[in-house]
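Results of the structural survey
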Amino acid sequence: MFDRATTRPEADAFTSTQLMSIAAQLCDALECMHTLSPPLGPIAHRDVKLDNVLLESSPETEGGLKARIPYTGPHTTASAW
């Protein structure tokens, strides 16, 4: 996502619909991670940034993009808090 947001020409920029859809999907994903039941969670990602948001084409989502947040990197589970 960071590459597209910073290096693409203006004609290929995100639309407001795409940005709102991506933001809503990221909020849903973080809420899901924060409300997971043990033994998997809850999980605090600790490194949410544009570089860590993965996008893929998805005609069934509003804005045509599906956002994902991988959590294989730095994260903390409730047992570590």
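Along each chain, residue indices are assigned from 1 in the same order as the chain's sequence is written. Selection of residues for local features in this predicted model requires a pLDDT of at least 70, selection of side-chain atom pairs for listing and counting requires 80 or more, and totals for whole chains, interfaces and linings are taken over all residues. Hydrogens and water molecules were not included; the side-chain quantities draw on all heavy atoms of the structure.

1. Things to note about the overall build of the protein chain
Selection rule: Helical segments are the DSSP runs of H or I of at least four residues, strand segments are the runs of E of at least two, and each set is numbered from the N terminus. Here the term buried applies to any residue with accessible area under 20% of the maximum for its type, exposed to any over 50%, and partly exposed to those in between, with areas from a 1.4 Å probe on protein chains only. Contact criterion: two residues are considered in contact whenever any of their non-hydrogen atoms come within 4.5 Å of each other.
When helices and strands are tallied, the protein chain shows two helices and four strands. Reading the secondary structure of the protein chain in the N-to-C direction produces α-α-β-β-β-β. A burial count over the protein chain gives 26% of its 81 residues as buried. Within the protein chain, contacts between residues separated by at least 24 positions form 54% of all contacts whose residues are at least 6 apart in sequence.

2. Digging into the nonpolar core
Heads up, the rule is: By nonpolar core is meant a set of buried Ala, Val, Leu, Ile, Met, Phe, Trp, Tyr and Cys residues that side-chain atoms within 4.5 Å join together.
Grouped together as the largest cluster of nonpolar side chains are seven residues: Phe14, Ile22, Leu26, Val53, Leu65, Ala67 and Ile69. Of all the elements in the fold, those that place two or more residues in this core are α2 (16-34) and β3 (65-68). Look past the residues within four positions of Leu26 in its chain and what remains in contact with it is Val53, Ala67 and Ile69.

3. Re the environment of Phe14
Along the chain, Phe14 turns up in the loop between α1 (2-7) and α2. A residue is classified by how much of its surface remains accessible, and Phe14, at 14% relative accessible area, is buried. Sequence separation between Phe14 and Gly63 is 49 residues, and the spatial gap between their C-alpha atoms is 9.1 Å.

4. Notes on the confidence of the model for the protein chain
Atom-level detail of predicted coordinates should not be read off regions where pLDDT is low. Test applied: What pLDDT conveys is the predictor's confidence in a given residue, as a value from 0 to 100.
On average, residues of the protein chain carry a pLDDT of 78, and 73% of them reach 70 or more. No element of the protein chain has a lower mean pLDDT than strand β4 (residues 76-77), which averages 56, and none a higher one than strand β2 (residues 54-57), which averages 91.

5. A closer look at the pattern of salt bridges
What counts, and what does not: Put simply, a salt bridge is a Lys or Arg side-chain nitrogen that is within 4 Å of an Asp or Glu carboxyl oxygen.
Applying the stated criterion across every chain yields a total of two salt bridges. Between Lys66 and Glu60 there is a salt bridge, and its shortest N-O distance comes to 3.7 Å. On the basis of relative accessible area, Lys66 is assigned to the partly exposed category, the value being 24%.

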